[in-house]
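So the chains spell out like this:
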Amino acid sequence: MSAPLGGRRVLVTRPAGQADGLIRRLEAAGATVLHRPTLAIAPCDPESMIDGQCPDWLVFTSPNAVHHGLVHLPPAHCRSTSLAAVGPGTAASLRDAGRPVTVAPAAGGGADALLAEPAFDPGPGETVVIVRGRGGRRRLQSALLMQDVDLREMVVYERIKPADTLAVPREWQARRLDCTIVTSRTGLEHLLGMAEPGAIEWVRQGRLVTVSDRIAQAATAAGFDRPLVADGADDEAITRAVCAALQRENQ
């Protein structure tokens, strides 16, 4: 089918500046897209810096960690340090910045995916610095501490709510929404807080596509029916998941 999403209406909640590629893919598949960010990314100065001896590993937890973290590392600093990324999107951001990636999952992503990579093998006593955003899960940190590494963290950005309301146009609420895309648990929480009662019921009419079981479970608890988890957080994987979700709806 040349336009698998022809006539479909999709709400994208990714932050401004980080949704363009996804929107293009959805529109190329025939969808009409409404972009209403439920997250904004704000840089913050890390409380701890890398001083003196370079760490054995730098682990980047997201493309945002790359964008906001590398500015705190001089270009010629720590070239001997191994660089790890939690997913292919984060790895691509590192390569785009001219940094060689030692190890990253080829598909999917997240702490468990990185921990499953044989090449990610920090040993006891080695220094591992996790470059991340404020908050979030502690799965990676907990696993590394069990390996007796010298674990440190650099918090380089935080997620904030971009607006008080979702501001859905009247003409959109007058028609059924087919799908909403949410790519973080914080984004889901903000969506629920930004949407007025009529708007949240309108959002719940459609399928929800997300990128992890944890977010899907939170969405189910919030009243969304049968959230579908994409097999990756990249634009292509999310678009495939939207197509699959809406095709199943017709069966």
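See the structure shown above.
Residues numbered from 1 in each chain as written. Predicted model: local features only at pLDDT ≥ 70, side-chain atom pairs only at ≥ 80, totals over all residues. Heavy atoms only, no water.

Novice: Please explain helix α1 (residues 20–28) as it appears in this structure.
Specialist: Note that an α-helix has 3.6 residues per turn; residues three or four places apart therefore point the same way. Taken residue by residue, α1 has Leu22, Ile23 and Leu26 as its buried positions. Relative to the axis of α1, the buried residues are bounded by an arc of 100 degrees and lie together on one face. Pointing more than 90 degrees away from the buried face of α1 are the exposed residues Arg24 and Ala28. Taken from the residues just after α1, Gly30 is the one with a positive phi, measuring 105 degrees. (Buried < 20%, exposed > 50% of the residue type's maximum accessible area, 1.4 Å probe, protein only. Helix = DSSP H or I, 4+ residues; strand = E, 2+ residues; numbered from the N terminus. Arc of directions from axis to C-beta.)

Novice: Help me understand the sheet that holds strand β6 (residues 127–133) in this model?
Specialist: Whether parallel or antiparallel, the strands of a sheet pair through hydrogen bonds between backbone atoms. Pairing in this open sheet of 5 strands is mixed, and the strands run β3-β7-β6-β4-β5 from one edge to the other. The sheet terminates laterally at β3 (40–43) and β5 (82–85), the two strands that pair on one side only. Within this sheet the neighbouring strands show an average axis-to-axis angle of 25 degrees, counted without direction. Sheet topology places strand β4 (residues 57–60) next to β5; 4 bridges connect them, and they run parallel. Bridged to Trp57 within β5 is Ser82. Contacting β4 and β5, helix α3 (residues 88–96) runs over the sheet at an angle of about 140 degrees to β5. (Pairing = 2+ DSSP bridges. Axes fitted to C-alpha atoms, helices over the stretch in contact; angles between N-to-C directions. Contact = heavy atoms within 4.5 Å.)

Novice: I tried to follow the sheet that holds strand β8 (residues 179–181) on my own but got confused; where do I start?
Specialist: The sheet built from 5 strands is open, its strands ordered β2-β1-β8-β9-β10 with parallel pairing. A single partner strand is all that each edge strand has here, and the edge strands are β2 (32–35) and β10 (228–229). Of the strand pairs in this sheet, strand β9 (residues 207–210) and β10 are connected by 2 bridges, and their pairing is parallel. Bridging across to β10, Val209 finds its partner in Leu228.

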